[in-house]
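# Notes for the structure review
Listed here are the chains, written in short residue letters.
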Amino acid sequence: MTMGSRTPQAPATRDATRPIERRPGAEPAVVPPADVRTYYDRPVLKVPVWGSYIPAYFFAGGVSAGSALVAAGAQVVGDHALARRAQAASVAAIGVSSALLVADLGRPERFHHMLRVAKVTSPMSVGTWVLAGFGPATGLAAVSQLTGLLPRLGRMAQGAAAALAPAVATYTAVLLTDTAVPAWHGARRELPFAFAGSAVASAAGLAAVLGLDARSAPAIRRLAVAGAAVELGATQVMEQRLGELAAPYRTGAARRLVTAAKAFTAAGAATLALAGGRRRTAATGGALLLAGSLCERFAIFHAGLASARDPRATIGPQRARLAARSV
Amino acid sequence: VNSDCILIMGSNMAECHPVGFQWVMEAKADGAKVIHVDPRFTRTSAVAHHHVPLRAGSDIAFLGGIINYILEHGREFRDYVVPYTNAGAIIEESFRDTEDLDGLFSGWDPERRVYDPASWQYEGVAVAAAAGQREMTPGIGQEYGSHGGFSGGRPPNFDPMLEHPRCVFQILKKHYRRYTPEMVEEICGVPRERFVQVAEALCANSGPERTSAVVYSVGWTQHSVGAQNIRAAAIIQLLLGNMGRPGGGILALRGHASIQGSTDIPTLYDLLPGYLPMPQAHRHTSLADYVEADSGRTGFWGHMDAYTVSLLKAYWGEAATPENDFCFGYLPRINGDHSIYQAVLSMLDGAVQGFFVMGENPAVGSANSGLHRRAMAKLDWLVVRDLVEVETAAFWYDSPEIESGELRTTDIATEVFFLPAAAHTEKDGTFTQTQRLLQWHHKAVEPKGDCRSELWFYYHLGRIIREKLAGSTDDRDRPLLDLTWDYPTSGETADPEAAAVLREVNGWGTDGRALSSYTELAADGSTASGCWIYCGSYAGEVNQTARRTPRREQDSVAPAWGWAWPANRRLLYNRASADPAGRPWSERKRYLWWEEADGRWRGADIPDFQVTKRPDYIPPGEARAEDALRGDDPFIMQTDGVGWLYVPFGLVDGPLPTHYEPHESPFTNRLSSVQANPVRQTYRRLENRYNPTAGGTGRLRLPVRDDHLPAHGAPHRRGHEPFRGPPRRAAAGDVLRGEPGAGGRAGPHPRWLGHHRVLPDRHRSPGRGHRPDAAAAGPGPARPPDRTALPLGQPGHLPRRRGQRPLPPRPRPQRSHPGGQGGDLRHPPGTAPAGTGPAPPGGGVPTPGRPRRGDTMSAHVALDPAARTGYDTPPDRVGFFTDTTLCIGCKACEVACKEWNNVPGTGLHFLGSSYDNTGQLGASTWRHVAFVEQPWELPPSPDGNEAQGDGRTGVRWLMSSDVCKHCTEAGCLEVCPTGALFRTEFSTVVVQPDICNGCGYCVSACPFGVIDRREGDGRAWKCTMCYDRLRGGMEPACAKACPTQSIQFGRLADLRLHAAERVEQLHAEGITEARLYGADEEDGVGGCGAFFLLLDDPEVYGLPPDPVVTTRDLPQMWKTAAVAALTMAAGTVAAFVGGRR
């Protein structure tokens, strides 16, 4: 490889031009063989065309979904101020999220084409319809709460939004795992949990920033800790189970983001848990949780791009699979 | 197609003649052995059975070695050789061979550096003193005829046993005795066993039952021994009995699309149309002198008077009368060398003041182009007609001399006229290709702006000159004023009608009707014909060259496709395909035979013989012209009717090919003390210095300078690569491909390597040598290549100055909707070949069905995907089978795809990965040709003959045209949230560009990395399998354009069966690595609509080894997400409610 290569040593090029070599009786590889042959080190897959809007949209969507749940919870425990704020935050976040989604389209003016069909095979289509239900519901609930109009309808809308919120938070994980990108598709068992945890943690963090009172504070603390624990736990399991495929999480931009995400999330959860009644500390912990969640989304996103770019990540596991099958 | 063995030498046929190469690939598929002997490892080598690199310029030694091999082992086809060649002819006693005279034949005149051929004659034949002297005059060196010469008839003294010591056969034996395999190894650098392999393959595939063909192109002609290279091949083919027989012969591949046409109706200074010689001043004062001097008394050249008079009648019509010698006096005369090289020197000397350049680019293409540019700077005027402003037109402000300051624009007084020319698609006319086939091309569009056809230019130039001269009484203006110059014109630009010109070239009789054969031409002025060999191209008032009856609608000779000169004969001298008694040599090689019952010759082709001449015809004594040839004399253009192993007359450099070193070779000639061809022309001037030869006297220190290559390059050649790219616009380095093992007897000597010390490394890894950044290739593409040192071992790949000027951007038409009907307008469905492609669905336009829920999740249903999608009665599923073993990497598919589908060009990036310049499939690359270069060792098989590699080449080159797989379970389609991607009735997968909103999901979902979003457009694009063409009953553009059978289109079920057979066939041939990819319905995508036959693991071609559609796991993913969602809900509830407890 002389040009266009991103890896200067490019051992794969030499491999590509090596004659066929079969090792009869060799053990089937459990991990991708190191000597994967490629076509001039070029990616097999197309690197996803999505930009930074997409992880930001995941984050905003997560915040919105979590906030809808927080609002409903606060309503139940009687912290109406938090319920109002969280509901408003949910609306704002879902607005931002939708805007980001549309902005990332190649033809944004055609965003409504999404509503032409409903396809269960397309997580994006499913998500579109979920958002189409969730957005108006959480919006209606917020309007009702802020204006005091139509309280019955507002409560129903709030309930509906809360019911749809987990779907909003987790469909985005399926959106990523339902691709050919190795680092995403390989994470299909854990990513929904990571996203759910991240959504909850970030919403709890936001609630802490927005201000808690004694009725809701314990619940929010529990939510933050649980969300962070699920997020961190799921990510940890994912990295272990991905094995070689987790390499993108350990290099480049993704590694820095992963490290930051873990640090922010853990620190945020701990801060919030130990903040007690100190508002400022709690708010700091909340902000850390938000940052952790944001970093997490970007980390996963960039790891996927890197794995799509690396032909070994595509070919290696497939080779291993073939080898295992032929035994 | 009919050959059993094809020897390709001095040619990169796969890359430079891909359309003709389809027949080589077809022959190969039918079991023919393909051998490529060439210094470079090219794509031709990649698909040949054997690649044998030899040192450039050593071809005669190699071919002479084969001749010696044939003679030593008695492998000649004696039943053919004795009656059909001059092997038994006894030569003058005074003849001396180069073996006797250390490299010279008898008759050498050291003063004038010419031969007197008197001693070369057949014994007992009187030589007419003046006969054919034009050929023997120094400086008029066109060696094109055996028609001059002696009085004709069979040689008087003939030994049918071929044992007389002075018979041609014995002279041949003696002449080539020293061309042993060992000598071949020493001179050519070809290991003897590999040489024997080639010789044996040729011998084993020749004889009554089998035939071999030889193919060459400019790698042979552009040498100081060019004619003799071809002569050597002719000797081999005559000895093996391969001339005039199906699958035999010698194929000359020309350097340009219609250069055969421009020698038939010549642009050469010493020829008139139909290979009539240009008359010479002083010698040819009258028509009678001219005809007497050059016509043969026997054979078809015996009618030279009729050909000449008809030509004069075509030129001057009514004005040409017997009284004025048919205006013979009007013809220009030559009095010496008027070739381009002499013309350039004359320009330098001020003797030539004006210069027309058309379809040529000497500022980069000519030998010593620097001198050419300097010469042009001394002209008064220069006219350049070309498609774009080529370097020749721009030399006065953009050239290396201007850059270096040697010339300054302000000092150049030359007035340059650049006239834009129409392309072949913008005018009617013919191409005459390498097998003498005239093919008409129709004007597709009007030329843009000021672009005009050549015909327009000359016609109106002539018209205006004649108008200016009208009324002149000066005798010297008569030739112009008397010309017939009355072609009908049409259109706004008054373009002359090309068909009218062709009709004049064809000729007419007194009744004004088009003639049908050159045998109708008369010497009494009753016929006119612009070129006697083209007579018949307009027979029956029909433009015969415009016939395009498809191959499957006629027999294998395909006489109704175009028109071949002479008289539409497809195989010349085809009388030789039958034995002397008129019977086919064998049933397998039956072509032409004597049908006693009908009293005529029969066969699919038109006999290249008098149809009713009996095989046992013996000419009476007074017969002349063709009647003087016997019934078993197949070579009817020869005065003695036989093939000449030995040329007693007509060649300036001797009767037999002899190895000499090239003019600037650093090696000494191992065979004689005559270093280089003694009669070669040189132009010794200070401005045109030659390089030192071995022991020579040149002045330059470096072994080779590109400017002095005796080559006249073809910088105009275009169209073989996408977007008229290489070679004209190719980066300098891409012609530098090297090949190890061609090292001659000496390895590269460090002294010659100069600063290119990496060269030996390149010898080890030839596959990388051509890259522009390889140090050996000199500076990058932005500058002309360094014209300095090269390894002596391999002078085959010399850096050449190529055209650097950018081509203007092509205006792009408005893109049409791929799913729409726009494309159909160009090719209405009625023109579609019968039997290809599915029938258009009945009952109007089907509406794409909305995918039913879950239909694609249940794989392995026997129905086609279209049926599963909801079409009621869809046509059979169609697809591509890409057989990569037949791919020659021509990229015709890429180009055809872009042309048809209006896919934007993406620029020509030189990626450094072989000849690949697109890298991968993408939004604007719907076909992608991958080039894989691998070290490759294959143990030679026991007979050393059947191995695909030969264990020495050490490299193999895999080529493969990739495309969208149109999966049974298509990830892109399933994840598409807008329904823009849909399943067609043909079970293909297509994007609707008016629906797509560019969400990009399909890009991430494709396991093959096919579909992509187009920058600046925002929508996703990929192969549509030419949906519009399928709807019109046509096959996709790429399959249509593929010159070989590499891309096959059809019903998927048929293709899978065929592919399985093909794999079995390849396995039987020992190519055990052949395997199918994408044909298995059990694979991760349910089988591909486009599948492949590969010779290595898929990932080597850039394909995923085990792709799985991502939605296979979707149910599980939804479940996981549901669990996560529930967990989230439950957790939240617990957090709040638990807190209240």
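Quick note: structure is the one above.
All values reported here derive from a predicted model rather than from experimental measurement. (Residues numbered from 1 in each chain as written. Chains lettered and ligands numbered in written order. Predicted model: local features only at pLDDT ≥ 70, side-chain atom pairs only at ≥ 80, totals over all residues. Heavy atoms only, no water.)

### A short note on the packing of aromatic side chains
All names here are of chain B. Applying the stated criterion to the full structure yields 48 aromatic pairs over all chains. Between the aromatic rings of F77 and Y80, the centroid separation amounts to 5.8 Å while the plane-to-plane angle is 25 degrees, which identifies the pairing as stacked. Residues F77 and Y80 agree in their burial class; the two are buried. With a centroid separation of 6.0 Å and an interplanar angle of 70 degrees, the aromatic rings of W485 and Y487 are classed as edge-to-face. Residue classification places Y487 among the buried residues on the basis of a relative accessible area of 15%. Taken together through their ring pairs, the aromatic side chains of F95, F105, W108, Y115, W120 and Y646 make up a single cluster. The residue whose ring lies beneath R333 is F328, and the NZ or CZ to ring-centre distance is 4.6 Å. In this structure, K613 is placed above the aromatic ring of F609, and the distance from its NZ or CZ to the ring centre is 5.4 Å. (Phe/Tyr/Trp six-rings, centres within 6.5 Å; stacked < 30°, edge-to-face > 60°. Buried < 20%, exposed > 50% of the residue type's maximum accessible area, 1.4 Å probe, protein only. Lys NZ or Arg CZ within 6 Å of the ring centre and 35° of its normal.)

### Observations concerning a nonpolar patch on the surface
Residues and elements named next belong to chain B. Together, F356, W381, F417, Y458, L461, I465 and L480 give the surface a local cluster of nonpolar side chains, amounting to about 570 Å² of exposed area. With 3 residues, the top contributor of residues to the nonpolar patch is helix α20 (residues 454–469). As for its position among the elements, F356 is in strand β10 (residues 354–358). Residue classification places F356 among the partly exposed residues on the basis of a relative accessible area of 39%. (Patch = residues over 30% accessible without salt bridge, like charges linked within 9 Å, V, L, I, M, F, W, Y side chains within 5 Å. Areas by Shrake-Rupley, 256 points an atom, 1.4 Å probe, with all protein chains shown as cover. Salt bridge = Lys/Arg side-chain N within 4 Å of Asp/Glu carboxyl O. Helix = DSSP H or I, 4+ residues; strand = E, 2+ residues; numbered from the N terminus.)

### Structural notes on the interface of chain A and chain B
Listed per partner, the contact involves 77 residues of chain A and 95 residues of chain B. Buried surface at the junction of chain A and chain B, summed over both partners, amounts to about 7000 Å²; 58% is from carbon and sulfur atoms. Three residues stand out in chain A for area buried against chain B, namely A:Y39, A:Y40 and A:K46, and they jointly supply 11% of the buried area on that side. Where chain A touches chain B, the interface holds 8 salt bridges. When the shortest N-O distance is used, the salt bridge between B:D1106 and A:R325 registers 2.6 Å. (Contact = heavy atoms within 4.5 Å. Buried area = accessible area lost by both parts, 1.4 Å probe.)

### Focus on the sheet that holds strand β2 (residues 33–37) of chain B
All names here are of chain B. Reading across the sheet, the 5 strands line up as β3-β2-β1-β6-β7 and stay open at both edges, with parallel pairing between neighbours. On the outer flanks of this sheet lie β3 (50–52) and β7 (250–252), each paired with one strand and no other. Going across the sheet, the axis of each strand differs from the next one's by a mean of 20 degrees, ignoring polarity. (Pairing = 2+ DSSP bridges. Axes fitted to C-alpha atoms, helices over the stretch in contact; angles between N-to-C directions.)

### Some remarks on the nonpolar core
Residues and elements named next belong to chain B. By size, the foremost hydrophobic cluster in this structure holds 135 residues, and its most contacted members are F62, I66 and L239. With 9 residues, helix α4 (residues 59–72) is the largest single contributor of residues to this core. With residues near it in sequence (within four places) discarded, I66 still touches F195, V198, A199, L202 and I236. Among the nonpolar cores identified, the runner-up in size contains 96 residues, and V955, L973, I1011 and A1020 belong to it. (Core = buried A, V, L, I, M, F, W, Y, C linked by side-chain atoms within 4.5 Å.)

### With respect to the pairing of β2(B)
Looking down a regular strand, the side chains alternate between one sheet face and the other. Residues and elements named next belong to chain B. With 5 of 5 residues buried, β2 is to be regarded as a mostly interior element. Of the two faces of β2, both are covered, the one formed by K33, I35 and V37 as well as the one formed by V34 and H36. Both strand β1 (residues 5–9) and β2 contribute to a ladder of 5 bridges, which runs parallel. Looking at the pairing, C5 lines up with K33 of β2. The sheet contact formed by β2 and β3 spans 3 bridges and is parallel.

### Remarks on the environment of B:S286
All names here are of chain B. Residue position: S286 is located in the loop between β9 (276–277) and α13 (287–294). A C-alpha to C-alpha distance of 71 Å links S286 and R1014, two positions 728 residues apart in sequence. Setting aside chain neighbours within four positions, we find S286 in contact with D325 and F328.

### Quick look at unusual backbone geometry
Negative phi characterises most residues that are not glycine, and trans characterises most peptide bonds. Residues and elements named next belong to chain B. W565 connects to P566 through a cis peptide bond whose omega is -5 degrees. Topologically, P566 is positioned in the loop between β17 (563–564) and β18 (592–595). A positive phi angle, close to 50 degrees, is found at N368, a residue other than glycine. As for its position among the elements, N368 is in the loop between α16 (362–365) and α17 (369–376). Positive phi values are uncommon outside glycine, yet R436 reaches one of about 65 degrees. For R436, the position within the fold is in the loop between β13 (429–432) and β14 (437–441). The buried category is assigned to R436, whose relative accessible area is 10%.

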